[in-house]
Amino acid sequence: MLARGLSRGWRGICGAALTGAPFSQVPSQVPRGLHCSVATHSSDSSLVPRPPEPLRQPAKPLSPHEELFRPAPDGARDKASFVRAVQNFGQHNVHKRGHVDFIYLALRKMRDYGVEKDLAVYNLLLDVFPKEVFRPRNVFQKIFVHYPRQQECGLAVLEQMENHGVMPNKETEFLLVQIFGRKSYPMLKFVRMKLWFSRFKNINPFPVPRDLPKDPVDLAVLGLRHIEPDLSARVTVYQTASSKDSTGTADPTQQHIVGIQSPDQQAALARHNPARPIFVEGPFSLWLRDRCVYYPIQLDLKYGRGGWDDYEFDIDEVEEGPVFAMCMAGAHDQATLAKWIQGLQETNPALAQIPVIFRLTGSSGELLASSSGLEEPSPPPPQEQEEEEDHTQRQQQGQS
Amino acid sequence: MALVHKLLNGSYILRKGLKPSVAACPFLSTRSADYCSSSLQKPVATPGKASTQRTAAGGLQEDQREVSFDKAIKDEIKEHFRRLKDEIVNHWIGPEGRPLQEIILEQARVVWQFRGKEDLDKWIVTSDKTIGGKSEVFLKMGKNNQSALLYGTLSSAAPQDGENSQSGYCAMISRIPRGAFERKKSYDWSQFNTLYLRVRGDGRPWMVNIREDTDIIQKTNQMYSYFMFTRGGPYWQEVKIPFSKFFFSNQGRIRDAQFQLLLDKISSIGFTLADKVDGPFFLEIDFIGVFADPAHTEEFAYENSPVLNPRLFK
């Protein structure tokens, strides 16, 4: 049983020391070193003052040191209280018994406190490890993985940094050298992180800022600028959300509407034949980092066919009709979008003669063609699901 | 191999009469129709499991229609011999059945296009439902049959099986091209140097994975990958990824020793979404092609470092 545990730990260390989140078919195993350290913890239960255990979630057992992360009386869960909790751990026991469990617990709690992208907090967490104890001193300790549970724990800290895209700095390197030595697995992972993060830092041709604006109008402006490749397009805010200090119930008649249109699109709209209708399609979803915004667009659907000229791709190119304008609005019902069309009419007088047809879907991201005419959005959802099930049956039977 | 399984399962079903296949094939019940995505254990299609699924579903219908089982086998044998004949004839015309001067002068080639349902059958969609997660993914034809729409919901809730701590991925992988008698064939893209995709996404970052042919050497977990960033919006986006940018990874982790992707035996290509953000997603693909960019002269973008690979620098 000991050998099996050792080999499992070895595989875990070798796997976790490499960078790259396990996005493909084999997910990673983050080994949990709880088996060894529980035995050491039970001896010092007299040192840590044990408060009366509150009755919450009887199914989930409380981890040791969970009481350090109890919310403060004023309920603030932020960086300061997290830092205080980590420092309190060191104060109670000088020898830092059970630090591996504590670090795993702190890693789990980071998201609740909102500090998962903060490098200083990770360095503080690495500081919890006792220094100079886990460094191998002779050749035998170097051959066998010296203190494997602690190395796994260090790897788990670095892996969470990697998952959240936090780049380690010189302080992290110094801490890792002090704790584990230069030839250890956490140090190897650190070198890999430095290499691959710097290689992949700027590969996004459409970068999105890390701190997204909270104001929905600003977010809408950012999203529209992100979509529109024409830099001379103008963003117009037709309407801002009226009550900034609303108590949770948004006023349905005063959602924000932000539109974008480029001069080329304006000219195209002016030239547009009034006999052909214009469709307002949407809402489509746009993801900016981890926030999703919805936008309908106004376009003229004309499925023409054109050849490809540059590189002789022998394929008929699909032409959807020109897009005339785009907007982002707080609500996607027809009334809000009608207000947007009215706002567009001020800059595009030709729009007054052109019939506008609304093709709105209820769900996100799917292009469903409802019948034309000014009608309520979205065909009923059960119909969609039937289509999908039919298709999946066919997909399954179509496998060979 | 599909024939053998058809024989086994067909005879089993005939013996049990109209008993549903759930009793006959116990491992089928784990992947029955309540999985929304057509799921397989490994992204590379194992013909055995897939064909049992089809024949089990088809087996019920066969019983009801009293179609001769021998006729189905004869049809399949004829199909395979027809493919063999095509291969031999094509060998005389030129590589891959096209005349040699056409292949030499070719600068751009469309490899996968999405104009009909049969084009969709060349792809498999997978999600983390195979390991117990909750993401869903579907593939269907887009508007007016001009593109394919891959859509679904990503959920990074980890399966509570004590083994996986992270989850949340969806993938679309192309099937390995098969010749006569289900032999594996591969693509030869050695005269091209850039991958070209015409897509329309929703702003999410995708990962493009290319797998090499596993005919001689066992390389099932190795692949070359790179990122594809979609812009979002109604405009079609042209994504050009040179093959020199693909980095090597094994078992889902980037390896220290990097080598460039060799293009003479490519087996399949795939798109993965695993950006740890829960929510719906969609990706519309018009076509996938390869072309030779004369302006791109880089051979390989990543150099090996002596710190991580001392043995390579001895």
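Residues numbered from 1 in each chain as written. Chains lettered and ligands numbered in written order. Predicted model: local features only at pLDDT ≥ 70, side-chain atom pairs only at ≥ 80, totals over all residues. Heavy atoms only, no water.

**Brief notes about the packing of helix H3 (residues 79-92) of chain A against helix H5 (residues 119-126) of chain A**
Residue and element names in this part refer to chain A.
Phase 1: Contact geometry of H3 with H5 gives a least axis separation of 10 Å together with a crossing angle of 10 degrees. Comparing the axis directions of H3 and H5 gives the class roughly parallel. Taken together, the residues of H5 that come into contact with H3 (itself represented by Lys79, Phe82, Val83 and Val86) are Ala120, Val121, Leu124 and Leu125.
Phase 2: Among the residues making up the contact of H3 with H5, the classes are represented as seven nonpolar, no polar and one charged. (Axes fitted to C-alpha atoms, helices over the stretch in contact; angles between N-to-C directions. Helix = DSSP H or I, 4+ residues; strand = E, 2+ residues; numbered from the N terminus. Parallel < 35°, antiparallel > 145°, perpendicular 65-115°, else oblique. Contact = heavy atoms within 4.5 Å. Nonpolar A, V, L, I, M, F, W, Y, C, P; charged D, E, K, R; others polar.)

**Comments concerning unusual backbone geometry**
Backbone phi values are negative for most residues with the exception of glycine, while trans is the configuration of most peptide bonds.
Phase 1: At Lys96 of chain A, a residue that is not glycine, the phi angle is positive and equals roughly 55 degrees.
Phase 2: Look at Phe181 of chain B: it is not a glycine, yet its phi comes out positive at around 55 degrees.
Phase 3: You can see Phe181 of chain B is positioned in the loop between strand E5 (170-174) and strand E6 (194-200).
Phase 4: Judged by its relative accessible area of 42%, Phe181 of chain B is partly exposed. (Buried < 20%, exposed > 50% of the residue type's maximum accessible area, 1.4 Å probe, protein only.)

**Here we look at the domain arrangement of chain A**
Phase 1: We note that the domain assignment places domain 1 (66-201) and domain 2 (216-241 + 254-304 + 318-360) within chain A.
Phase 2: Each of domain 1 of chain A and domain 2 of chain A was reduced to a C-alpha centroid, and the two centroids are 48 Å apart. (Domains from an automatic or database assignment.)

**Focus: the domain arrangement of chain B**
Residue and element names in this part refer to chain B.
Phase 1: Domain assignment breaks chain B into domain 1 (75-108) and domain 2 (110-291).
Phase 2: Computed over C-alpha atoms only, the centres of domain 1 and domain 2 are separated by 26 Å.
Phase 3: Tallying the contact residues gives 10 residues for domain 1 and 13 residues for domain 2.
Phase 4: Of the roughly 880 Å² buried at the junction of domain 1 and domain 2 (both faces included), carbon and sulfur atoms supply 51%.
Phase 5: When the area that domain 1 buries against domain 2 is broken down by residue, the three leading residues are His80, Arg83 and Glu87, summing to 48%.
Phase 6: Where domain 1 meets domain 2, there are one salt bridge.
Phase 7: We note a salt bridge from Arg183 to Glu87, for which the minimum N-O separation is 2.5 Å.
Phase 8: Run the count over domain 1 and domain 2 and you get five residue pairs in polar contact (both at pLDDT 80 or more).
Phase 9: Among the elements that make up the side of domain 1 that touches domain 2, the one with the highest residue count is helix H4 (residues 69-93) (five residues).
Phase 10: Considering only residue class, the side of domain 1 that touches domain 2 consists of four nonpolar, two polar and four charged. (Buried area = accessible area lost by both parts, 1.4 Å probe. Salt bridge = Lys/Arg side-chain N within 4 Å of Asp/Glu carboxyl O. Polar contact = N/O pair within 3.5 Å; in protein donor to acceptor, adjacent residues only side chain to side chain.)

**Some remarks on the packing of aromatic side chains**
Phase 1: Counted according to the given criterion, the structure contains 32 aromatic pairs over all chains.
Phase 2: With a centroid separation of 6.3 Å and 35 degrees between ring planes, the pair formed by Phe227 of chain B and Phe229 of chain B is classed as tilted.
Phase 3: What makes Phe229 of chain B buried here is its relative accessible area of 17%.
Phase 4: Lying across the ring of Trp196 of chain A, Arg199 of chain A places its NZ or CZ 4.8 Å from the centre.
Phase 5: Lying across the ring of Trp236 of chain B, Arg200 of chain B places its NZ or CZ 4.5 Å from the centre. (Phe/Tyr/Trp six-rings, centres within 6.5 Å; stacked < 30°, edge-to-face > 60°. Lys NZ or Arg CZ within 6 Å of the ring centre and 35° of its normal.)

**A word on helix H8 (residues 170-180) of chain A**
Residues and elements named next belong to chain A.
Phase 1: Listing the buried residues of H8 in full gives Thr172, Leu175, Leu176, Val177, Ile179 and Phe180.
Phase 2: The residue sitting at the N-terminus of H8 and contributing the capping side-chain oxygen is Asn169; that oxygen lies 3.2 Å from the backbone nitrogen of Glu171.
Phase 3: Just beyond H8, the residue with positive phi is Gly181, at close to 90 degrees.

**Some details on the nonpolar core**
Phase 1: Core analysis: the biggest nonpolar cluster contains 48 residues, and Leu197, Phe246 and Phe271 of chain B have the highest contact counts within it.
Phase 2: Considering every element that reaches this core, the biggest residue donor is strand E13 (residues 279-291) of chain B, with five residues.
Phase 3: Sequence-distant contacts of Phe246 of chain B, that is, excluding residues within four places in its chain, are made with Leu195, Val208, Ile210, Tyr224, Ser225, Tyr226, Ile241, Leu261, Phe300 and Tyr302 of chain B.
Phase 4: In terms of nonpolar packing, the next biggest core, distinct from the first, is built from 38 residues, Ala85, Leu105, Phe129 and Ala156 of chain A among them. (Core = buried A, V, L, I, M, F, W, Y, C linked by side-chain atoms within 4.5 Å.)

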